[in-house]
Amino acid sequence: MISSAPAKVILFGEHAVVYGEPAIAVAINLRTTVMFERDVDYSVNGLPLIDKYHRYIKKAIDLIWDGEPLKITTASAVPSASGMGSSASITIAVVAGLLGMKNEAEEEKIAKTGFEVEYQTQGRASPIDTSTVTHGKGILVSNKKMDNFLWDVAKGETRWFIHHIEVPRLKLVVGFSGIKGHTPEMVEKVRRFYMWNSFARDVIKEIGKITMEVIKPLEEEDYVKIGEYMNKNNKLLTILGVSHPMLKKMIDVSLKHSYGAKITGAGGGGCMIALTDEQDEVVKEIEEVGGKAYKVEIAEQGYTIDTQI
Ligand code: MEV
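Keep in mind that what you see is a predicted model, and the values were worked out from it rather than measured. Starting from 1, residues in each chain are numbered consecutively following that chain's sequence as written. This being a predicted model, a pLDDT of at least 70 is required before a residue's local features are given, and a value of 80 or more before pairs of side-chain atoms are given or counted; all residues contribute to the totals for chains, interfaces and linings. Side-chain metrics rest on all non-hydrogen atoms present in the structure, leaving aside hydrogens and water.

Glancing now at the packing of aromatic side chains. Aromatic pairs are defined between Phe, Tyr and Trp rings, using the six-membered ring for Trp, whenever the two ring centres lie within 6.5 Å; interplanar angles under 30 degrees are classed as stacked, those over 60 as edge-to-face, and all others as tilted. Taken as a whole, this structure holds five aromatic pairs when the rule is applied. Aromatic side chains Phe 149 and Phe 161 sit 6.1 Å apart centroid to centroid with 55 degrees between the ring planes, which places their arrangement in the tilted category. Residue Phe 149 is located in strand E7 (residues 149-155), and its partner Phe 161 is located in strand E8 (residues 158-164); the two are separated by twelve residues in the primary sequence. By relative accessible area, which is 29% here, Phe 149 ends up partly exposed. Accessibility expressed as a relative area gives 11% for Phe 161, which makes it buried. These aromatic residues form a ring-pair network of at least three members: Phe 115, Tyr 119 and Trp 160. Put simply, DSSP H or I for four residues or longer makes a helix, DSSP E for two residues or longer makes a strand, and each gets a number counted from the N terminus. Classification of residues uses two cut-offs on accessible area relative to the type maximum, computed with a 1.4 Å probe and protein chains only: under 20% is buried, over 50% is exposed, and between them is partly exposed.

Structural data, given as structure tokens:
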């Protein structure tokens, strides 16, 4: 059995989505592939399966698999801790493969089980990453049911409604700062600000407002407006304290050739994205200031499952 899942970038609404505000994410064409073979012991890429090194794979096996031991081989084009959803990508590829081998692979079940794996492993705050890499294309997460509803995910008091959203063929460049972002720490930092400061709560609400407003420009392929909203969203994320000097540098140079640019994902390191017609120029600018740049497109395909073994 071979399964795979894409990476993702959040276009609008990271952090705010933790508090029930809407967010929009897209799957991108960098993928993680996983091969499963039956064996006498569990192994991952030739090493014994160990909780410490293979947290997501181990948790997925604990939650799903009751068959014979598996030899698991992984290959990923997604840099880890970059904000491109590397943990969601490996989680969903593994969950899809394991459920596939049990003949239980179905989009909603894969997305919900994948969220549970991430939640139990790193206390993931929202299901945006796992739902996006399961479904592919574009996802809108909100706190109420809207058009193109796919499924809902509940955790404690919070319930997220996951929707398909049509997004144009955006040309994006992702700039990786090389500094690993730590999602739980960044989420906790914002949570403290949010709890104690009404201004932070207003900023989170404003991010939610921007996300709703950008739906129309996305439908109309109005890149100038989309770019303006990206810049606004970036200012608000900076106020929340999730930027980093390297992210700021990459954003500033990208803007010379872009409609807009912003931090994507949890921040504090990790990645930025730029919306541009001049991908090569933006790549050059980012690499000149020391970042690693990826030209990416939206991945139509979410998870895949091939060949029964
Ligand atoms: C990280 O990709 C996105 C955050 O909003 C956290 C989450 O939603 O789980 C920062």
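For the rest of this paragraph, the subject is the site of the ligand. Around the ligand lies a shell of 14 residues, among which Lys 8, His 15, Arg 124, Ser 126 and Asp 129 are the nearest. Between His 15 and the ligand, the recorded distance is 2.9 Å, taken from a backbone N or O atom to an oxygen atom. Identification of polar contacts relies on pairs of N or O atoms within 3.5 Å, with a donor-acceptor requirement for protein atoms, meaning one able to donate a hydrogen and the other able to accept it, and with residues adjacent in sequence counted only if both atoms are side-chain atoms. Side-chain polar atom of Ser 126 to an oxygen atom of the ligand: 2.6 Å apart, as the coordinates give it. In the complex, 99% of the free accessible area of the ligand, which totals 300 Å², lies under the protein chains. If you map the ligand onto the pockets, it falls in the largest pocket. Elements supplying a minimum of two residues to the shell around the ligand: strand E1 (2-12) and helix H4 (128-135). Classifying every residue of the shell around the ligand gives seven nonpolar, three polar and four charged. Domain ranges listed in this record stem from an automatic or a database domain assignment. Both domain 1 (2-166) and domain 2 (171-297) contribute no fewer than three residues apiece to the shell around the ligand. Each residue is tested against the molecule or strand, and it is near if at least one of its non-hydrogen atoms lies within 4 Å. Throughout, the Shrake-Rupley method with a 1.4 Å probe supplies accessible areas, and for residues the shown protein chains are the sole cover considered. The distinction between a cavity and a pocket rests on a 1 Å grid over the protein atoms alone: a 1.4 Å probe fits inside a cavity but cannot get out, while a pocket stays open yet meets protein on both sides within 12 Å along at least five of seven lines, and a residue with an atom within 4 Å of a point counts as lining. Cavities and pockets are treated as containing a molecule whenever more than half of the molecule's atoms lie within 2 Å of their grid points. Residues are sorted three ways: Asp, Glu, Lys and Arg are charged, Ala, Val, Leu, Ile, Met, Phe, Trp, Tyr, Cys and Pro are nonpolar, and all the rest, Gly among them, are polar.

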